[in-house]
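Examination of the molecular architecture
Listed here are the chains, written in short residue letters.
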Amino acid sequence: GMWKDPLYMPRTGDRYKELLALQQIYLTMEGPKWRNRDGWPAFELVEEEETDAGPINPCWQYWHGVTCDDAGHIITLDLTDNRVS
């Protein structure tokens, strides 16, 4: 079922708050203009329950600059030399 899918992220809890925080960074710092935004454009579809690629999860999909711990929590964000403004 859905609960076994590592990409599934419920719409509640700390991990979802971390996802929303990344979304705010992307939207307020001109994410579409970044040099490398691998994974990040999924945010343009975050309002939908699921995208064609499946649920959005920066820890199980490769997102440029994002590092997570074993529990799926974001621990570092490195966007140096990436045209972040």
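On a predicted model such as this, the values are computed, not experimentally measured, just so you know. (Residues numbered from 1 in each chain as written. Predicted model: local features only at pLDDT ≥ 70, side-chain atom pairs only at ≥ 80, totals over all residues. Heavy atoms only, no water.)

Description of the side chain of Asn-82
Mapped onto the secondary structure, Asn-82 falls in the segment after strand 2 (74-77). The exposure class of Asn-82 is buried, given its relative accessible area of 2%. (Helix = DSSP H or I, 4+ residues; strand = E, 2+ residues; numbered from the N terminus. Buried < 20%, exposed > 50% of the residue type's maximum accessible area, 1.4 Å probe, protein only.)

Quick word on the environment of Thr-80
With respect to the helices, strands and loops of the structure, Thr-80 is situated in the segment after strand 2. Measuring from C-alpha to C-alpha, the distance between Thr-80 and Gly-65 comes to 8.5 Å, with 15 residues separating the pair along the chain. Among the polar contacts made by the side chain of Thr-80, one reaches the side chain of Asp-78 at a distance of 2.8 Å. (Polar contact = N/O pair within 3.5 Å; in protein donor to acceptor, adjacent residues only side chain to side chain.)

A short note on the state of the cysteines
As enumerated under the stated definition, the model contains one disulfide in all. Across the disulfide, Cys-59 is cross-linked to Cys-68 (sulfur-sulfur distance 2.0 Å). Between Cys-59 and Cys-68 the disulfide shows an S-S torsion of about -75°. By sign, it is left-handed. The class for Cys-59 is partly exposed, based on a relative accessible area of 22%. Of the residues examined, Cys-68 reaches a relative accessible area of 22% and is grouped as partly exposed. (Disulfide = S-S within 2.5 Å.)

Side note on the pattern of salt bridges
What the rule picks out here adds up to two salt bridges. In this structure, the salt-bridge partner of Arg-35 is Asp-81, at a minimum N-O distance of 3.4 Å. In this pair, Arg-35 sits in the loop between helix 1 (14-28) and strand 1 (66-68) while Asp-81 sits in the segment after strand 2, placing the two residues 46 residues apart along the sequence. Residue Asp-81 is classed as exposed on the basis of its relative accessible area of 64%. (Salt bridge = Lys/Arg side-chain N within 4 Å of Asp/Glu carboxyl O.)

Some thoughts on the pairing of strand 2
The pairing of strand 1 with strand 2 spans three bridges and is antiparallel. By the bridge assignment, Cys-68 is partnered in strand 2 with Ile-74. The antiparallel pairing of strand 1 with strand 2 creates a hairpin that spans five residues between the two strands, and Gly-72 there sits at a positive phi of about 90°. (Pairing = 2+ DSSP bridges.)

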